[in-house]
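Analysis of the macromolecular model
Letter by letter, the chains look like this.
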Amino acid sequence: LRAIEAGVRVVPVSLSGTQRLMRKGSSVIRPGVATIRFGPAVDAKEYVLDQRGELRDRVHELVGEGLEEDQKPVDGEGA
């Protein structure tokens with residue numbers, strides 16, 4: 001909503017591998033590798049407020065595309 005109102009670009013960011021660095025419920029950070037991928041920017045100026053769900057879905061799709069295969073959302077799940 002705010003991106004549409006501001007007319008800005010939304011850059012999808014996908015993080016992979018972080019679950020191996022810090023396990024849920026733990027305060028211990030383990031050594032390892034995390035991957036950050038930036039997807040193509042989505043221009044929110046191309047959407048109107050009534051299309052905010054479409055913008056959200058497009059950004060979620062791009063975040064999912066940037067994830068490792070074993071972390072990609074199952075059909076119907078959000079990224």
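Fair warning: this is a prediction, and the values are worked out from it, not measured in the lab.

**Digging into the side chain of Asp43**
Among the secondary structure elements, Asp43 is positioned in strand 4 (residues 42-43). One buried charged residue, Asp43, remains without a salt bridge, the closest side chain of opposite sign being Lys45 at 4.4 Å. Polar side-chain contacts of Asp43 include one of 3.0 Å to the backbone nitrogen of Lys45. Dropping the residues within four chain positions of it, Asp43 is found in contact with Gly7, Val8 and Arg9.

**Let's talk about helix 3 (residues 52-65)**
Its 14 residues place the ends of helix 3 20 Å apart at the C-alpha level, agreeing with the 20 Å of an ideal helix rising 1.5 Å per residue. When helix 3 is considered as a whole, its buried residues turn out to be Leu55, Val59, Leu62, Val63 and Gly64. Residues of helix 3 that are buried sit in contact with helix 1 (2-6), strand 1 (9-10), strand 2 (13-16) and strand 4.

**Digging into the nonpolar core**
Residues Ala3, Ile4, Val10, Val42, Ala44, Tyr47, Leu55, Val59, Leu62 and Val63 constitute the largest nonpolar core, which totals ten residues. For this core, the leading source of residues is helix 3, giving four residues. Among residues more than four places away in sequence, those in contact with Val59 are Val10, Pro12 and Val42.

**Points about the pattern of salt bridges**
With the rule as written, the count across this model stands at four salt bridges. Between Asp57 and Arg56 there is a salt bridge, with its nearest N and O atoms 3.0 Å apart. The salt bridge partner of Glu61 is Arg58, with a shortest N-O separation of 3.2 Å. With Glu61 and Arg58 both in helix 3 and three residues apart, this pair spans about one turn of that helix. Exposure remark for Arg58: the relative accessible area of 31% places this residue in the partly exposed category.

How each quantity is defined
Residues numbered from 1 in each chain as written. Predicted model: local features only at pLDDT ≥ 70, side-chain atom pairs only at ≥ 80, totals over all residues. Heavy atoms only, no water. Helix = DSSP H or I, 4+ residues; strand = E, 2+ residues; numbered from the N terminus. Buried < 20%, exposed > 50% of the residue type's maximum accessible area, 1.4 Å probe, protein only. Lys, Arg positive; Asp, Glu negative; His and termini not counted. Salt bridge = Lys/Arg side-chain N within 4 Å of Asp/Glu carboxyl O. Polar contact = N/O pair within 3.5 Å; in protein donor to acceptor, adjacent residues only side chain to side chain. Contact = heavy atoms within 4.5 Å. Expected span 1.5 Å × (residues − 1). Core = buried A, V, L, I, M, F, W, Y, C linked by side-chain atoms within 4.5 Å.

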